[in-house]
Amino acid sequence: MINSKAAVVAIGLLCISVSVGAQHCHVALRGYIREASSNETLAFASVFVKEVSRGTMTDDSGYFSIADLCENTSYTVEVSHVECAHFTQIIQLKENTTLDFRLVHDAVLKEVVIVEKLVAPPPSQAQNVVEHSDLEAARGLNLTETLKKIPGVTLLSSGGTIAKPVIQGLHGNRIAVVSDGVTLQSQQWGNDHAPEIDPYTADIIKVVKGAAGVRYGVGAMAGAVILEPSVLREKAGIGGWASVGGFSNGYGGVGAGSIDWKPRRGLVAFRLQGTVKRSGNLRAPDYWLGNTGASEFDFSATVGWKKGRWKQTMTATQFAQSFGILRAAHTGSISDLDSAIVSATPRNNLNYFTYVIDRPSQQVQHNTLKYKVDYRFNDLWKLTTQYNFQYNQRREYDRGRRSVIANDKAQVIFQLWSNTLDVALEHLPIHHWQGGIGVQAIQQLNYVTKGGFIPDYLGWGGSVWAMERWRRFPNPWEWEAGLRFDYRGNHITTTGNANNNLDKRLSFGNVSGSAGAIYHVSPALTAKLNTGYAWRPPHVNELFARGVHHGAGRYEQGNPDLQSEKAWNTNLSGEWEAPNLSAQVSLYRNQVHDFIYLNQPKDSIVLTIRGPFPVYFYEQADAVLQGLDAQFSAKIWLGLSLEGRASFIRGYRLAHSAVSMPDIVHRDWLPLLPVDRFQYGCKWTFFRDRTTLKGASFVRIMATTAMEQTRIPMEGLTKAAPSRFTLYSLEASHTILVRGRGASPAANSGRLLEVGLNIQNLTNTSYREYLDLFRYFADMPGLNIGIRAKYSFG
Amino acid sequence: MNNSKNRFSTIFLLVAAASAVFLTGCKKDKATENEIITMVVVHLTGIGTAFDTEFAAVDADGDGIFNTIAPIEIPTNSVFNCHLHVVDGPLTDITEEIEVENTAHLFVIKTSGGGLSVSDLNTDDNGAPFGLESTWTTSDAATGSVQITLYHEPTDKTAADPGGEVDFDVVFPVKVQ
């Protein structure tokens, strides 16, 4: 055992270059990297042998192995763990050797720093992480826009202001959005309700594709979007960043900043973060998109406290957004809708620029309060308790007579209060098994102020789960299995103007399970197979919706007899990760039993006060969604690399051929399925700052081709699917190390200025997206030039 | 040690207080208004006759669908003054309000079948069609229907598609007898 001094500061990512040299030596060095005082193993620490320019990173259990070293040769081994000064040790090997390296903390702090552990190892489902450069390039855009470069992820939008993520063809209540360990509880049942998340709060954003119900609960039937903030400061002092950006389309501006402070004395660390955004009407190539302005103000405050075995964090966040709904998309009746659809230019359009947000508009507010406490029993076991309160409020403003729109009153206010308690007992590898068990309790109250499209309800639920993962380095296999049971109960009280007392009690319960295997074929190549069973209860709107959905120009009728939706999702993915080539291919099949969808039987019309509307009924049938997502990035010459991404999806349901013959079924395509999509281009990395490893400067030109959707359900289509289009984009980013006057290089090390350029729709092409619900009314926005600057320090 | 604990609890309380402020600091307005037209009344008074009857389309339960639409039964070969009334919510006559905002509203009255013709729609303050009042003329006995549509904020009152949004669109059966 070798003791050495080194510092362990915080978690992050460290890139290790691995190059294979031709050696004729066969001695291996392996062992664990441990934190000296707690003796806890450290995952993702790097071990590098200088003489042979080879290294590795410890796995989840803190284990590393470097093969093919020579006997009786002196090697300089460098061990480091993120952003800290690494330590070196000279060793000589005579045979295969197991050595445990112990990292002790920087003497100045005199406090044991227990490095944050991931809740569980990365999933065996296909997972994509938004590249750091893509995350920075998307700063100022909404969460969904940030995700759109990931193959298999598309946007379900309502004009330029509202977008929801679609993972492998499914969206809304079928995917979970988890920010800082808190699953967003909002009103995702509406196609025009975007997730209430500020992407500026996240340091890492990733997407888990496939049934993730065991890890993330009933909402994660088809996948999850995970946002992780950076960890609080461990070292005394002040750090943070400030960012500004501007966009030519809509003359928008965004400012955001974050400041971290850890006092010299005490065990507390703080963070304050905020974002302000404002933009006016967007412009399509041929006209202004009337009433598409938006404004947003978000902030969050975090305080963390750490001592010995205890760790506590408390976070409060607010997301507040107000945005206009495209005026041309507002229709009063089906005849308005028909006129709008046939109109060559947007009907009732306000063809000028303004920052004013007029009716129809929405105001959304989301508050989260989170308190989390971790207690470590010993090196292996940890108990986490997390409570969170969420309040979601949607105010929808409609057009109307002067008395109706007076006093800035909303036509309908949807409010949702949620209380969630999570308790998890987790352990680090015991006989190579790592995992945990947990329970969850949730309580919700939904209240709709007038205009009840959905009824008021009280919901409650409980869950128990267990998950374990086996990995024995260097065995190439990893196994994972999880099981979960969820119960959800609802008391649906009243609907409409409280004059229709429903008083219905419904409950749903089901098991979710997942099993996965990972096979490390070689250091570069990994194969993953995951199969999972997940479910979700029908949402109250699917059960009890009754009324005209104005944006969509249809009357929706819920069905109180709906059963839970159950999905059997299997995905097989292969990942190749090498210095010159990285590639990922994943194949999936999602078999959904009792898939809930909106169906319009022919000639079903309801005569409302605003005229006749087609009636859509919530129905369920078995459905299958399957497809392929692929991406690659290859370095071809010097700093030049080629990139490509593709996603294909096919989805159908079983439909009855005729009412008179209920036993005869045929396949019908599912509505709102993403089109086949390709992204391709090249990236030139012309300068790389080796001291930070982050923020490499680059220029990238990409093209996106979206095919025409030809697989459309036979009924309910009101306008032909948009034709194929190709859009071009150009992105550039440059990072400058800022040097203060007379300051030492060490003091300057954290000061970076990143400037970026992001041009979308470079050729100002007029196009419409199949998954844009406003494609009936207007084109998508045209050319948009965005510039940004971000200064980070400390 | 004790100091740091105290400081922590002070900070904790401050954060809790601050969050309590922002969590409750949102706007409170429970009195939202919704535009739900619940009744459309066609008031016909005979010119030179004693005929004076109201025919109503009523949404009794406020679900956005007219439960009853009274058939308009009127004598042959007569002339009537038609005055429309619109009722919103439980019992708010909004006819006057529509009349004040006459340039932002348009009633379109279309007949089909025989026996009835509609003319002389009144005009708004700009001289464009408005239609709250009109003249109805019957001929020989026949059955048909009359469709009355109220447009809000029409962009062009004389166009086939006036633009704006439809506030209501109702078809009354007509029996000229």
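Here the residue numbers are simple positions, counted from 1 along each chain's written sequence. Chain labels run from A onward and ligand labels from 1 onward, assigned in the order the entries are written. Local features in a predicted model are, by the rule used here, given only for residues with pLDDT of at least 70; side-chain atom pairs are given and counted only at 80 or more, and totals for whole chains, interfaces and linings are based on all residues. With hydrogens and water excluded, all non-hydrogen atoms of the structure serve as input to the side-chain values.

Considerations on unusual backbone geometry
Residue and element names in this part refer to chain A.
Inference 1: Geometrically, the link from Arg359 to Pro360 is a cis peptide bond, its omega value of -5 degrees lying close to zero.
Inference 2: Residue Asn348 is not a glycine yet carries a positive backbone phi of 55 degrees.
Inference 3: By the element assignment, Asn348 lies in the loop between helix H4 (334-342) and strand E25 (361-376). Secondary structure elements are defined from DSSP: runs of H or I of at least 4 residues count as helices, runs of E of at least 2 residues count as strands, and each element is numbered from the N terminus.

Considerations on the sheet that holds strand E7 (residues 105-113) of chain B
Residues and elements named next belong to chain B.
Inference 1: Being paired, for any two strands, means DSSP has found at least two bridges between them. The sheet built from 4 strands is open, its strands ordered E4-E11-E10-E7 with mixed pairing. Taken across any chain shown, the strands that pair with only one partner, and hence form the sheet edges, are strand E4 (72-74) and E7. On average, adjacent strands in this sheet sit at an angle of 25 degrees to one another, irrespective of strand direction.
Inference 2: Note: strand E10 (residues 142-152) against strand E11 (residues 165-176), 11 bridges, orientation antiparallel. If you follow Ser145 over to E11, its bridge partner there is Pro173. Where helices are involved, their axes are fitted lines through C-alpha atoms of the stretch in contact, as for all axes, and angles between N-to-C directions lie from 0 to 180°.

Concerning the confidence of the model for chain A
Residues and elements named next belong to chain A.
Inference 1: For every residue, the pLDDT score states the predictor's confidence, bounded by 0 at the bottom and 100 at the top. Taken residue by residue, chain A gives an average pLDDT of 83. The fraction at 70 or more is 86%.
Inference 2: Contact between two residues is taken to exist if any of their heavy atoms lie within 4.5 Å; hydrogens are not considered. A low-confidence stretch, residues 1-24 (pLDDT under 50), is modelled with 69 contacts involving residues beyond four sequence positions or located in other chains.
Inference 3: Predicted confidence is poor over residues 691-695, with pLDDT under 50, and the contacts of this stretch with residues over four places away or in other chains come to 7 contacts.

Some words on the pattern of salt bridges
Inference 1: Salt bridges are defined as contacts in which a side-chain nitrogen from Lys or Arg sits within 4 Å of a carboxyl oxygen from Asp or Glu. This model, assessed by the stated rule, comprises 38 salt bridges over all chains.
Inference 2: For the salt bridge of Arg347(A) with Asp161(B), the shortest nitrogen-to-oxygen distance reads 2.8 Å. Within this pair, whereas Arg347(A) is found in the loop between H4 and E25, its partner Asp161(B) is found in the loop between E10 and E11, the two belonging to separate chains.
Inference 3: Its relative accessible area of 7% is what places Arg347(A) among the buried residues.
Inference 4: Note that Asp374(A) is salt-bridged to Lys382(A), the shortest N-O span being 3.8 Å. Exposure is judged per residue with a 1.4 Å probe applied to protein chains only, and the accessible area is read against the type maximum: over 50% gives exposed, under 20% gives buried, and values in between give partly exposed.

Points about the sheet that holds strand E15 (residues 182-183) of chain A
To summarise the sheet geometry, strands pair through backbone hydrogen bonds and adopt either a parallel or an antiparallel arrangement.
All names here are of chain A.
Inference 1: On the basis of which strands lie adjacent, the open sheet formed by 5 strands has the order E10-E16-E17-E14-E15 and mixed pairing. The open sheet has two edge strands, strand E10 (126-129) and E15, and neither has a second partner.
Inference 2: The pairing of strand E14 (residues 175-179) with E15 spans 2 bridges and is classified as antiparallel. Across the sheet, Val178 pairs through a bridge with Thr183, a residue of E15.

Remarks on H4(A)
Inference 1: For H4(A), the set of buried residues is Ile334(A), Asp336(A), Leu337(A), Ser339(A), Ala340(A) and Ile341(A).
Inference 2: Residues of H4(A) that are buried in the fold lie against strand E38 (611-637) of chain A together with E10 and E11 of chain B.

Some words on a nonpolar patch on the surface
Residue and element names in this part refer to chain A.
Inference 1: Together, Val439, Leu445, Leu458, Trp460, Val464, Leu483, Phe485, Tyr487 and Val511 make up an exposed nonpolar region whose accessible area comes to about 720 Å².
Inference 2: Checked against the element boundaries, Leu458 lands in strand E29 (residues 457-471).
Inference 3: Look at Leu458 and you get partly exposed, because its relative accessible area is 32%. Only residues whose relative accessible area exceeds 30% and that form no salt bridge enter a patch; like-charged residues are grouped when within 9 Å of one another, and nonpolar side chains (Val, Leu, Ile, Met, Phe, Trp, Tyr) when within 5 Å. Under the convention used here, a 1.4 Å probe and the Shrake-Rupley method define accessible areas, while residue burial counts only the protein chains that appear.

Here we look at the packing of aromatic side chains
Between two aromatic rings, the relevant description is the distance of the centres plus the angle of the planes.
Inference 1: Pairing of aromatic rings covers Phe, Tyr and Trp, the last counted by its six-membered ring, and requires centre-to-centre distances within 6.5 Å; plane angles under 30 degrees mean stacked, over 60 mean edge-to-face, and any other angle means tilted. Counted under the stated rule, the structure contains 23 aromatic pairs over all chains.
Inference 2: With 6.3 Å between their ring centres and 55 degrees between their planes, Phe107(B) and Phe168(B) make a pair best called tilted. Of this pair, Phe107(B) sits in strand E7 while Phe168(B) sits in strand E11, and the two are 61 residues apart along the sequence. With respect to burial, Phe107(B) and Phe168(B) carry one shared label: buried.
Inference 3: We note Arg283(A) situated over the ring of Trp288(A); from NZ or CZ to the ring centre the distance is 5.2 Å.
Inference 4: Cation placement over rings: the criterion is NZ of Lys or CZ of Arg within 6 Å of the ring centroid and within 35° of the ring normal. When the ring centre of Phe698(A) is taken as reference, the NZ or CZ atom of Lys683(A) above it lies at 4.5 Å.

Focus on the nonpolar core
Residues and elements named next belong to chain A.
Inference 1: Counting residues in hydrophobic clusters, the biggest one holds 32 residues, and the most contacted among them are Leu147, Ile205, Val225 and Leu227.
Inference 2: Among the elements of the structure, helix H2 (143-147), E14, strand E16 (204-209), strand E17 (223-228), strand E36 (581-599) and E38 are those that each provide at least two residues to this core.
Inference 3: Counting residues per element, this core draws most heavily on E36, which supplies 4 residues.
Inference 4: Viewed by domain, this core spans two of them, domain 2 (126-160 + 162-220) and domain 3 (223-793), each represented by three or more residues. The criterion is simple. A nonpolar core is a set of buried Ala, Val, Leu, Ile, Met, Phe, Trp, Tyr and Cys residues joined through side-chain atoms within 4.5 Å. These domain boundaries are the output of an automatic or database domain assignment.

Overview of the side chain of Asp124(B)
Residues and elements named next belong to chain B.
Inference 1: Topologically, Asp124 is positioned in the loop between strand E8 (116-119) and strand E9 (133-138).
Inference 2: What makes Asp124 buried here is its relative accessible area of 6%.
Inference 3: Beyond its immediate sequence surroundings of up to four residues, Asp124 is in contact with Asn102, Thr103, Pro129, Phe130 and Lys157.

What about the confidence of the model for chain B?
Residue and element names in this part refer to chain B.
Inference 1: Counting all residues, the mean pLDDT for chain B is 82, and 80% of those residues have values of 70 or more.
Inference 2: In the predicted structure, residues 1-5 sits below a pLDDT of 50 and forms 2 contacts with residues beyond four places in sequence or in another chain.
Inference 3: Note that residues 19-33 has pLDDT below 50 and, in this model, 32 contacts with residues that lie over four places away or in other chains.

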